[in-house]
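# Structural overview
Each chain, written out:
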Amino acid sequence: MNRVSFAGVRFLKKSLLVVFVLINGGNHCVVCGVRTLWYPLCRTCLDKFFSVEASSLSLRCKTCGKELISTKDTCLQCRTNPVLLHTDSVWPLFSYRLWNKDLMFLWKNVGLRSLSDIFAGFVAAALKIKGINIVVPVPPRPGKIQEKGWDQINDICLQLKYRYGFSILPLLKRRTSGQQKKLDREERLKTIGKSYFLAGEKEVQKVLKPFGGRFPKRVCIVDDVCTTGSTLENCAAVLKEAGIETVDAITLFAVD
C-alpha cells in the first residue's frame, strides 16, 4: 500500500466513522468536557496541553527522559540505579497523569482508534525535532492482534510510514505473552534480556533490503508508555547487539 492509497482508505474509513459518531451524539473532550466531533480532545485543549515543541524544551533527565525537579542533568533513579544502559536517549512526550490516563484507556481498552491519528502526529513531530527517520516499533505480545484485531503501536507506525514518510523496521519479536501492566517494578526489571529477540534472518534481510541489507547506524524505538524503562532497554540491547550504533526511544507518556 502506497501513501496515496493509504490516504484514500483512511479518508473513507474516517468519513464513515464520522457519520456513526454523529448518529451517536459525538464525543466529548476528556480535558474540558466540551462536545467534539471526532476526537475526544477539543482543538483548544490539544494546542494548550499537547505541544510536542514545548515538551522538547522541558528540563529532562539525559538518560530516561523524565522531567527533572532539580538542576542536575540526570534524575536520582538514573544516578543510583540506572536501568537504561543500552538506550542512548528517551523522550517521553507527556506525563501519564490526569486526562492522559483517560486517553490511554479510550485508546487501548475501549479501542478508540481515532486517537492513533493524534498520537502518530505527536510521534512524527518528535522524530522530526530529533532528526530521526527510521523507526523500530515495540512488537505486540504473541497473539494480541489475533485476539483484539489490532495493535496500538502498529497503528501508529502505519501512519508514520504512509502518512508521514518514515521508514519502519519491524526487526523485533516478543517472546513472552504476558502483559507488562500486570508486573510490578521488580518483575519488569527481571524481564530485561529475556522478553525480546531479533527476527529470523530471512525476515531481517527482507526488512533491511531498502538499506542494502545492512543495519542503519541510528534508529528510534517507539512505544506508548515508559514505566520502568525495561521494555525499551530490552529492545535497545537486542538492536545494539545486532550492530546498530545509536538507539533512541520516543514514548507517548511516562509514569513519573
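Calculation criteria
Residues numbered from 1 in each chain as written. Predicted model: local features only at pLDDT ≥ 70, side-chain atom pairs only at ≥ 80, totals over all residues. Heavy atoms only, no water. Phe/Tyr/Trp six-rings, centres within 6.5 Å; stacked < 30°, edge-to-face > 60°. Helix = DSSP H or I, 4+ residues; strand = E, 2+ residues; numbered from the N terminus. Buried < 20%, exposed > 50% of the residue type's maximum accessible area, 1.4 Å probe, protein only. Contact = heavy atoms within 4.5 Å. Axes fitted to C-alpha atoms, helices over the stretch in contact; angles between N-to-C directions. Parallel < 35°, antiparallel > 145°, perpendicular 65-115°, else oblique. Left-handed = near helix turned anticlockwise from the far one by under 90°. Nonpolar A, V, L, I, M, F, W, Y, C, P; charged D, E, K, R; others polar. pLDDT = per-residue confidence, 0-100. Core = buried A, V, L, I, M, F, W, Y, C linked by side-chain atoms within 4.5 Å. Salt bridge = Lys/Arg side-chain N within 4 Å of Asp/Glu carboxyl O.

Under the criterion given, the structure shown has 10 aromatic pairs. Measuring from centroid to centroid gives 6.0 Å for F119 and F253, while their planes differ by 90°, and the two rings are edge-to-face. With F119 in helix α6 (residues 115-130) and F253 in strand β9 (residues 246-254), this pair connects stretches of sequence that are 134 residues apart. Each of the two residues, F119 as well as F253, counts as buried.

The next thing to look at is the side chain of T87. With respect to the helices, strands and loops of the structure, T87 is situated in the loop between α4 (76-80) and β3 (89-95). On the basis of relative accessible area, T87 is assigned to the buried category, the value being 6%. When near neighbours in sequence (up to four residues on either side) are disregarded, T87 contacts L232, E233, A236, V247 and A249.

In this section: the packing of α6 against helix α8 (residues 152-162). Interhelical geometry of α6 versus α8 gives an angle of 60° and a closest axis separation of 9 Å. Considered as vectors, α6 and α8 are oriented oblique to each other. For the pair α6 and α8, the sense of crossing is right-handed. Seen from α6, the contacting residues are S116, D117, F119, A120, V123, A124 and L127; seen from α8, they are D155, I156, Q159 and L160. Tallied by class, the residues present in the contact of α6 with α8 amount to seven nonpolar, two polar and two charged.

What follows concerns the confidence of the model for the protein chain. When the pLDDT values of the protein chain are averaged, the result is 86; 82% of them are 70 or greater. Mean pLDDT per element in the protein chain: helix α1 (residues 3-23) is the minimum at 54, and strand β4 (residues 134-137) is the maximum at 98. Long-range and interchain partners of residues 18-23, a stretch whose pLDDT sits below 50, account for seven contacts in this model, where long-range means more than four residues apart.

Moving on to the nonpolar core. L93, F119, F122, L127, L160 and L252 are the most contacted members of the largest nonpolar core, which totals 37 residues. With nine residues, the single largest contributor to this core is α6. If near-sequence neighbours (up to four positions away) are discounted, F119 is found in contact with L103, W107, I156, L252 and F253. Listed in part, the 29 residues of the second largest apolar core include L169, I221, A236 and V247.

Glancing now at the pattern of salt bridges. What the rule picks out here adds up to nine salt bridges. Two residues, K62 and D73, come together in a salt bridge whose shortest N-O distance is 3.6 Å. Note that K62 is positioned in the loop between α3 (52-56) and α4 and D73 in the loop between α3 and α4, a separation of 11 residues in sequence. By relative accessible area, which is 55% here, K62 ends up exposed. Note that R113 and D155 form a salt bridge whose closest N and O atoms lie 2.7 Å from each other. Taken as a pair, R113 in the loop between α5 (98-110) and α6 and D155 in helix α8 lie far apart in primary sequence, 42 residues in all.

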